[in-house]
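# Structure at a glance
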Amino acid sequence: MHELSMVFANYKQEEKWLCSLAKKGLILADRTFGRYCFVESDGSEPVSVVKFKNPTGNGESDEEIKKIESLGQTYICGYRCWGYFRGKTKYA
């Protein structure tokens with residue numbers, strides 16, 4: 001497992017950074033404030049960062065997560081009201 005520390009002003013910059021690391025074989029596994037954990041992978045699926053109405057981890061965003069997963073995305077992790085997904089294409 002690899003850990004990197006970063007803080008972003010906006011989620012689009014964060015998403016671009018995560019996608020660039022995925023292309024290098026580092027796939028996001030977990031995230032907390034300013035800390036990102038990655039695992040090595042042969043895949044390079046793009047990462048999508050999605051803002052939810054409610055925080056993740058307490059069940060309030062489960063329906064939104066399931067809806068996005070039904071569109072071919074894989075839920076990686078959540079942090080506050082943000083969900084992190086990967087898939088063959090970016091989630092729009």
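Before going into details, it helps to say that this report is about the structure given with it.

Procedures and definitions
- Residues numbered from 1 in each chain as written.
- Predicted model: local features only at pLDDT ≥ 70, side-chain atom pairs only at ≥ 80, totals over all residues.
- Heavy atoms only, no water.
- Helix = DSSP H or I, 4+ residues; strand = E, 2+ residues; numbered from the N terminus.
- Rg over C-alpha atoms; globule rule 2.2 N^0.38 Å.
- Buried < 20%, exposed > 50% of the residue type's maximum accessible area, 1.4 Å probe, protein only.
- Contact = heavy atoms within 4.5 Å.
- Areas by Shrake-Rupley, 256 points an atom, 1.4 Å probe, with all protein chains shown as cover.
- Lys, Arg positive; Asp, Glu negative; His and termini not counted.
- Charge placed at Lys NZ, Arg CZ, Asp CG, Glu CD.
- Salt bridge = Lys/Arg side-chain N within 4 Å of Asp/Glu carboxyl O.
- Pairing = 2+ DSSP bridges.
- Axes fitted to C-alpha atoms, helices over the stretch in contact; angles between N-to-C directions.
- Phe/Tyr/Trp six-rings, centres within 6.5 Å; stacked < 30°, edge-to-face > 60°.

## Digging into the overall build of the chain
Assigned secondary structure in the chain consists of 2 helices and 6 strands. Traced from its N-terminal end to its C-terminal end, the chain shows the element sequence β-α-β-β-β-α-β-β. Its C-alpha atoms give the chain a radius of gyration of 12 Å, within 12% of the compact-globule value 12 Å for 92 residues. For the chain, buried positions account for 38% of its 92 residues. Across the chain, every contact between residues at least 6 apart in sequence was considered, and the portion connecting residues at least 24 apart equals 53%. Here the chain has roughly 5,700 Å² of accessible surface; of this, 51% comes from carbon and sulfur atoms. Charged side chains in the chain number 14 positive and 12 negative. The centres of these two groups are separated by 7 Å.

## Overview of the pattern of salt bridges
All chains considered together, the criterion is met by 5 salt bridges. In this structure, the salt-bridge partner of Arg-86 is Glu-45, at a minimum N-O distance of 3.3 Å. One end of the pair, Arg-86, is in strand β6 (residues 82–86); the other, Glu-45, is in the loop between β3 (35–40) and β4 (47–51), and 41 residues separate them in sequence. For Glu-45, a relative accessible area of 30% corresponds to the partly exposed category. Linked through salt bridges whose partners overlap, the residues forming this network are Lys-12, Glu-15 and Lys-90.

## Regarding the sheet that holds strand β1 (residues 2–5)
Pairing within the open sheet is antiparallel, and its 3 strands lie in the order β1-β3-β2. Across the chains shown, the open sheet's two edge strands, defined by having one partner strand only, are β1 and β2 (26–32). Direction aside, neighbouring strands of the sheet carry axes that sit 30° apart on average. Where β2 meets β3, 6 bridges bridge the pair, whose relative direction is antiparallel. Across the sheet, Thr-32 pairs through a bridge with Arg-35, a residue of β3. Across the sheet, helix α1 (residues 11–23) is in contact with β1, β2 and β3; its angle to β3 comes to roughly 25°.

## Section: the packing of aromatic side chains
According to the stated counting rule, one finds 8 aromatic pairs in the structure shown. For the ring pair Trp-17 and Tyr-36, a centre distance of 5.0 Å and an interplane angle of 75° mean the geometry is edge-to-face. One end of the pair, Trp-17, is in helix α1; the other, Tyr-36, is in strand β3, with 19 residues separating them in the sequence. Of the two residues, Trp-17 and Tyr-36, both sit in the buried class. Centre to centre, the rings of Phe-52 and Phe-85 are 6.3 Å apart; their planes meet at 75°, and the pair counts as edge-to-face.

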